Amino acid sequence: MPDNGHTKFLLNEDEMPRAWYNILADLPNPPAPVLHPGTHQPVTPDDLAPLFPMALILQEVSTERYIDIPEPVRDVYRQWRPSPLYRAHRLEKALDTTARIYYKYEGVSPVGSHKPNTAVAQAFYNKEAGVKKLSTETGAGQWGSALAMAGAFFGIEVEIFMVKISYQQKPYRRNLMETYGATVHASPTNLTNAGRKILSEDPESLGSLGIAISEAVEVAAMSGGTTKYSLGSVLNHVLMHQTIIGEETLMQMERAGDYPDVVIGCTGGGSNFAGLAFPFAGKKLREGLKTRIMAVEPMACPSLTKGVYAYDFGDTVGMTPLVKMHTLGHDFMPAGIHAGGLRYHGMSPLVSQLHEEGVIEARAYHQNATFQASVQFARAEGIIPAPESGHAVRAAIDEALAAKESGDSRVILFNLSGHGHFDMSAYDSYFSGKLQDYEYPAEAVAEAQKRMPQVVG
Ligand SMILES: Cc1ncc(COP(=O)(O)O)c(C=O)c1O
């Protein structure tokens, strides 16, 4: 029987999981190989060595089901983990639903999102490998803040290319990164070949995650080995580091005496979604459960719902290896929606494969609908969701309304991946009716597809 009285389901520090979960062990089919951008042959660990330390390259391809979390990483995690699982009693009442709604809250980390779960791990492995500096991109600024903090903990310099529109919309996020000691640039910059190329084509470019990735990768690739590159989502090892979220939630749901019928997360590159959902997806695959697992994305950047499943570059300029994923085309320029962390042309290859194989489903929303849901959530539960997380809130509320309609008592679990305290200007735009909804036309995807790399076989 579900525990109907409690609001928070908490674990103590000693109960924090000791291992990350690796879904590669449970995939029905092996993942498509990552290809060298020049030769179109599978990349070797040595090809990736200029960008990443070997420990992370090996995690990227590991098929071990569980990988131990190093003790120094657990020490840092203890600062905010285990994070709470909430039962949304007041939201359920406000919706007058027969559903039971749970949410895992990752906004309790010092920077306000799930991103430090991998930032701390990546900083640790880079430190172990003797790396002095990390370069990275950031969209909304959540990832940059997380890596800046992790760099401060492990004594690594951090240089961040922040998408220009977010740099303008969220000045306090930049201040946060600088407080941790990082250097922050508004991307595209004049500092890299990639940035100069974009600016020569469009001097007014507002930037994109794809462009910022090109700049950060270039800095690492040209550093002669002193700087490595760090990515905040998409890659297998990044998603795996996030699975501590779902591993904790499995225990907390058990404590609540419940199990989700539907697991929901918003998707930019796929990391918070995978963090919560992969441990549940693994159980679904191993035990034949019927759990629905739902990725939620913006209508303005609909990689899973409108993109093609094909080999493409991870960045805009075409410097990264080719990965098979749902993509809108590497030169796709998303509209300036406020969920900056969801403005990415591609999707994690693992999330893409699970979608292609029918293990997970996907849904897209307009931004006004997500802010409406976030405001409703905030008025019931008190927490102000990040604009990205608002997509998961929207889907959870819609599931609860569907349960009310059909009179079923489905159990809904979603990831509240971050708080929106640095995003109040977005809420301001919503309240003053200035938020525009953008729908990405299917013809534009077909057009972008023509410019994607043609991989034979
Ligand atoms: C709060 C929050 N949620 C979600 C995302 C989307 O990223 P991902 O799909 O990797 O979780 C971001 C990215 O910046 C974010 O800041």
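Small disclaimer: the values here were computed from a predicted structure and weren't measured.

Rules behind the numbers
- Residues numbered from 1 in each chain as written.
- Predicted model: local features only at pLDDT ≥ 70, side-chain atom pairs only at ≥ 80, totals over all residues.
- Heavy atoms only, no water.
- Helix = DSSP H or I, 4+ residues; strand = E, 2+ residues; numbered from the N terminus.
- Rg over C-alpha atoms; globule rule 2.2 N^0.38 Å.
- Buried < 20%, exposed > 50% of the residue type's maximum accessible area, 1.4 Å probe, protein only.
- Contact = heavy atoms within 4.5 Å.
- Lys, Arg positive; Asp, Glu negative; His and termini not counted.
- Charge placed at Lys NZ, Arg CZ, Asp CG, Glu CD.
- Salt bridge = Lys/Arg side-chain N within 4 Å of Asp/Glu carboxyl O.
- Right-handed = clockwise from strand over helix to strand, strands pointing away.
- Pairing = 2+ DSSP bridges.
- Polar contact = N/O pair within 3.5 Å; in protein donor to acceptor, adjacent residues only side chain to side chain.
- Near = heavy atom within 4 Å.
- Areas by Shrake-Rupley, 256 points an atom, 1.4 Å probe, with all protein chains shown as cover.
- Core = buried A, V, L, I, M, F, W, Y, C linked by side-chain atoms within 4.5 Å.

1. Side note on the overall build of the chain
- The helix and strand inventory of the chain stands at 19 helices and 15 strands.
- In terms of overall dimensions, the chain is globule-like: its C-alpha atoms have a radius of gyration of 20 Å, near the 23 Å expected for 457 residues.
- If you line up the chain on its principal axes, its C-alpha atoms span 60 × 50 × 50 Å.
- Within the chain, buried positions represent 62% of all 457 residues.
- Considering only intrachain contacts with a sequence separation of at least 6, the fraction spanning at least 24 residues in the chain is 77%.
- Distance between charge centres in the chain, computed from 39 positive and 50 negative side chains, equals 3 Å.

2. A look at the pattern of salt bridges
- With the rule as written, the count across this model stands at 25 salt bridges.
- Of the charged contacts in the structure, one is a salt bridge between glutamate 159 and lysine 133, with a shortest N-O distance of 2.8 Å. Taken together, the residues glutamate 159 in strand 7 (residues 157–163) and lysine 133 in strand 6 (residues 133–138) connect sequence positions 26 residues apart.
- On the basis of relative accessible area, glutamate 159 is assigned to the buried category, the value being 13%.
- In this structure lysine 133 comes out as buried when scored by relative accessible area, which is 19%.
- Across the pair glutamate 201 and lysine 197 runs a salt bridge, and its minimum N-O distance is 3.4 Å. Placement of both glutamate 201 and lysine 197 in helix 9 (residues 193–201) is noted, with a separation of four residues, approximately one turn of the helix.
- Of the residues examined, glutamate 201 reaches a relative accessible area of 55% and is grouped as exposed.
- Taking the relative accessible area as the measure of exposure, lysine 197 reaches 42% and is therefore partly exposed.

3. Description of the pairing of strand 7
- With six of seven residues buried, strand 7 is to be regarded as a mostly interior element.
- Running through helix 6 (residues 142–154), the crossover from strand 6 to the neighbouring parallel element strand 7 is right-handed.
- Pairing of strand 7 with strand 8 (residues 183–187) involves five bridges; the strand directions are parallel. What sits directly across from methionine 162, in strand 8, is alanine 186.

4. Comments concerning unusual backbone geometry
- In the segment running from arginine 81 into proline 82, the intervening peptide bond is cis, with an omega of -10 degrees.
- Following serine 187, the chain continues to proline 188 via a peptide bond in cis, the omega torsion being 10 degrees.
- At aspartate 96, a residue that is not glycine, the phi angle is positive and equals roughly 55 degrees.
- On the secondary structure map, aspartate 96 appears in the loop between helix 4 (89–95) and strand 5 (100–105).

5. Overview of the environment of asparagine 29
- With respect to the secondary-structure elements, asparagine 29 resides in the loop between strand 2 (19–21) and helix 1 (45–48).
- For the pair asparagine 29 and leucine 354, spaced 325 residues apart in sequence, the C-alpha separation works out to 9.7 Å.
- Setting aside anything within four residues of it in sequence, one finds asparagine 29 in contact with Gln353 and Glu357.
- Side-chain polar atoms of asparagine 29 contact the side chain of glutamate 357, separated by 2.9 Å.

6. Some details on the site of the ligand
- Surveying the vicinity of the ligand reveals 18 residues, the closest of which are Ser233, Gly268, Ser271, Asn272 and Ser417.
- Contacts to the ligand include lysine 115, whose side-chain N or O atom sits 3.1 Å from an oxygen atom.
- Measuring from an oxygen atom of the ligand, one finds a side-chain N or O atom of asparagine 272 at 2.8 Å.
- Burial of the ligand by the protein chains amounts to 97% of its free accessible area of 390 Å².

7. As for the nonpolar core
- Among the nonpolar cores identified, the biggest contains 34 residues, and Trp20, Val73, Tyr77, Val120 and Met177 are the most heavily contacted of them.
- Contributions of two or more residues to this core are made by helix 3 (71–77), helix 5 (116–128), helix 6 and strand 7.
- The biggest single contributor to this core is helix 6, with seven residues.
- Core analysis: the second largest hydrophobic core is formed by 32 residues, Ile101, Tyr105, Phe377 and Ala392 among them.

8. Details of the pairing of strand 10 (residues 262–266)
- Among the five residues in strand 10, five count as buried, and that is most of the element.
- Neither face of strand 10 is exposed, since Val262, Ile264 and Cys266 on one face and Val263 and Gly265 on the opposite face are all buried.
- Bridging between strand 10 and strand 11 (residues 292–298) involves five bridges; their strand directions are parallel. Bridge assignment links valine 262 to a residue of strand 11, and that residue is arginine 292.
- Between the parallel pair strand 10 and strand 11, the chain is carried across by helix 13 (residues 271–287), and the sense of this crossover is right-handed.
- Where strand 10 and strand 15 (residues 411–416) come together, three bridges link them in parallel fashion. Residue valine 262 lies in a different strand from strand 15, and its bridge partner there is isoleucine 412.

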